[in-house]
Structure formats: C-alpha cells, structure tokens
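Each chain, letter by letter, is given below.
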Amino acid sequence: MKLIIIDYGAGNIKSIQFAFKRLGIDAVLSNNPDDILAADKIIFPGVGEASSAMAMLKATGLDTLIPQLTQPVLGICLGMQLLCETTEEGNTKGLGVFKTNVKRFENNVKVPQMGWNVIKNLKSDLFKGIKENEYMYLVHSYYAELCDETIATTDYGLNYASALQHKNFYGVQFHPEKSSLAGEQILKNFLDL
C-alpha cells in the first residue's frame, strides 16, 4: 500500500510516521502532486496556525489538488480544520470539502483544550471496534461546528464535531497517533477503508 503524508511545512509528521510504522506501513512524506495522486491513501496533517498553513498550501498548488483527490484522505487536527469552509484563525478561507466552519473556543473554558477527552455519537467505519466515550488526545483552540457530515462529537464547553466525513474525505480533531491503542485502531481502520 502506498501511503503518503502530505508534507507542506505544517505537521507533527514524525509521530504520524512512527504510528504507521508500528502498523507495518512505511508512510512517505511528499508534497509532489504526482506522488499524491498515485497514493492509495493520504494523510493531511497539520499543527500550527491556519492562515500560514493555507499560504504554504497555496504556494505549492496543493490548495487546488487536495479537494480533487478521489482516494481516502484523513485530515488530522489543523488538517481537518483546513478542509472546512472557513476558520476564524487568521480569518482563513478553507478548502471547502466539509460544509462547516471553524470557530475559536469561548473564554468560558481553558484554551487551548489540551489533553484527553471522549468522542461519542460515532458513525463511520473509521470507528470500527472503537467504543462510545473512548478517550482521545487533543490539543486545539479552534473547533469545527456540528454539521450533517459530523461522525463524532466531543464536549468542551459546547458540543462540537471531533470527526467529519464527506465522501472519501475524513477528518479528526484529535491526534490518533498520540491516542494509544484506540488511536492506533482508528489509523488501522483508515488503512482498511
């Protein structure tokens, strides 16, 4: 299986690579459109600030390539948020795959949300073998609003979309690569899609 991690300068890429290595898959880092188009599965990671991440995508033409992909794509953390319509972070226009917007948490909760929290209302083969209220590891100040494409929710001051799916595109707000055995199971499920 050819698994590509999109390398555009905004990723916690090493931990994702190691997580797939534990599953027996050598994930290749690339921002080459030919590599990405030829991949069986694609990881779209992201850590950092939305507007600068989007600028990096635009500089390489990946902003037009990514929404056209037809193989399974998994956006992680900022990667998921950039697949949405807009994000309040830097007033950034996203890639528009998921029909929802990303908002900043209100100050009634500690921002960023950092640590373990549960996912629930699970809908999708991405969560095969994952039980309701399973703990996942999260670090984020912005969240995706609930929408028709929500496949998991989390409560943190409000109920938000901690996972999204639109056709072949999946997104998770949490870090499966840092979420112990349950996170590893989600990565395995993604490989099996």
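Since the model is a prediction, treat every value here as computed from it, not as a measurement.

## Comments concerning the overall build of the chain
Per the secondary structure count, the chain includes six helices and 13 strands. Taken over C-alpha atoms, the radius of gyration comes to 15 Å for the chain, in line with the 16 Å a tight globule of 193 residues would show. Dimensions of the chain, computed from C-alpha atoms along their principal axes, come out at roughly 45 × 35 × 30 Å. The buried share among the 193 residues of the chain stands at 55%. Put simply, of all contacts in the chain between residues at least 6 apart along the chain, 70% involve residues at least 24 apart.

## Here we look at the nonpolar core
The nonpolar side chains of a soluble globular protein tend to be buried, and buried together. The biggest cluster of nonpolar side chains holds 35 residues, and the ones touching the most others in it are Phe20, Ile43, Leu74, Leu126 and Phe127. Those elements that provide at least two residues to this core are strand 1 (3–6), helix 1 (13–22), strand 4 (73–76), strand 9 (134–140), strand 11 (150–155), strand 12 (159–166), strand 13 (169–172) and helix 6 (180–192). Contacts of Leu126, omitting those with residues within four sequence positions, involve Leu74, Ile151, Tyr170, Val172, Ile186, Asn189, Phe190 and Leu193. Grouped together as the second largest cluster of nonpolar side chains are 32 residues, Ala50, Met54, Ile66 and Ala144 included.

## Some remarks on helix 3 (residues 50–60)
Residues of helix 3 that are buried: Ala50, Ala53, Met54 and Leu57. Relative to the axis of helix 3, the buried residues are bounded by an arc of 100° and lie together on one face. Buried-residue contacts for helix 3 involve strand 3 (41–44), helix 4 (62–65), helix 5 (78–82), strand 5 (84–87) and strand 6 (92–93).

## Notes on the pattern of salt bridges
With the rule as written, the count across this model stands at seven salt bridges. Linking Asp192 and Lys188 is a salt bridge whose minimum nitrogen-to-oxygen distance equals 3.6 Å. With Asp192 and Lys188 both in helix 6 and four residues apart, this pair spans about one turn of that helix. A residue is classified by how much of its surface remains accessible, and Asp192, at 54% relative accessible area, is exposed.

## Considering the environment of Ala59
Locating Ala59 in the fold gives a position in helix 3. For Ala59, a relative accessible area of 68% translates into the label exposed. Along the primary structure Ala59 and Tyr8 are separated by 51 residues, whereas in three dimensions their C-alpha atoms are 9.4 Å apart.

## A word on the pairing of strand 9
What you see with strand 9 is a clean split: Glu134, Met136, Leu138 and His140 sit on the buried side and Tyr135, Tyr137 and Val139 on the side with no burial. Here seven bridges tie strand 8 (residues 113–119) to strand 9, and the two strands are oriented antiparallel to one another. The residue of strand 9 that forms the bridge with Val118 is Tyr135.

## Focus: helix 6
An ideal rise of 1.5 Å per residue puts 18 Å on 13 residues; helix 6 measures up with 19 Å between its terminal C-alpha atoms. Restricting attention to buried positions, one finds in helix 6 the residues Ala182, Gly183, Ile186, Leu187, Asn189, Phe190 and Leu191. Tucked into the core, helix 6 has its buried residues touching strand 1, helix 1, strand 3, strand 4, strand 9 and strand 13.

## Details of the packing of aromatic side chains
Here the structure, examined in full by the defined rule, presents seven aromatic pairs. With 5.4 Å between their ring centres and 40° between their planes, Tyr8 and Phe44 make a pair best called tilted. Placement of the pair is Tyr8 in the loop between strand 1 and helix 1 and Phe44 in strand 3, with a sequence separation of 36 residues. The same class applies to Tyr8 and to Phe44, which are both buried. Each ring, one from Tyr170 and one from Phe190, has its centre 6.4 Å from the other, and the planes form 75°; the classification is edge-to-face. Within this pair, whereas Tyr170 is found in strand 13, its partner Phe190 is found in helix 6, the two being separated by 20 residues in sequence.

## Section: the environment of Val118
You can see Val118 is positioned in strand 8. Taking the C-alpha atoms as reference points, Val118 and Ala38, separated by 80 residues in sequence, lie 35 Å from one another. Excluding residues that lie within four positions of it along the chain, Val118 makes contacts with Asn133, Glu134, Tyr135, Thr153 and Thr154.

Here is what the cut-offs are and how they apply
Residues numbered from 1 in each chain as written. Predicted model: local features only at pLDDT ≥ 70, side-chain atom pairs only at ≥ 80, totals over all residues. Heavy atoms only, no water. Helix = DSSP H or I, 4+ residues; strand = E, 2+ residues; numbered from the N terminus. Rg over C-alpha atoms; globule rule 2.2 N^0.38 Å. Buried < 20%, exposed > 50% of the residue type's maximum accessible area, 1.4 Å probe, protein only. Contact = heavy atoms within 4.5 Å. Core = buried A, V, L, I, M, F, W, Y, C linked by side-chain atoms within 4.5 Å. Arc of directions from axis to C-beta. Salt bridge = Lys/Arg side-chain N within 4 Å of Asp/Glu carboxyl O. Pairing = 2+ DSSP bridges. Expected span 1.5 Å × (residues − 1). Phe/Tyr/Trp six-rings, centres within 6.5 Å; stacked < 30°, edge-to-face > 60°.

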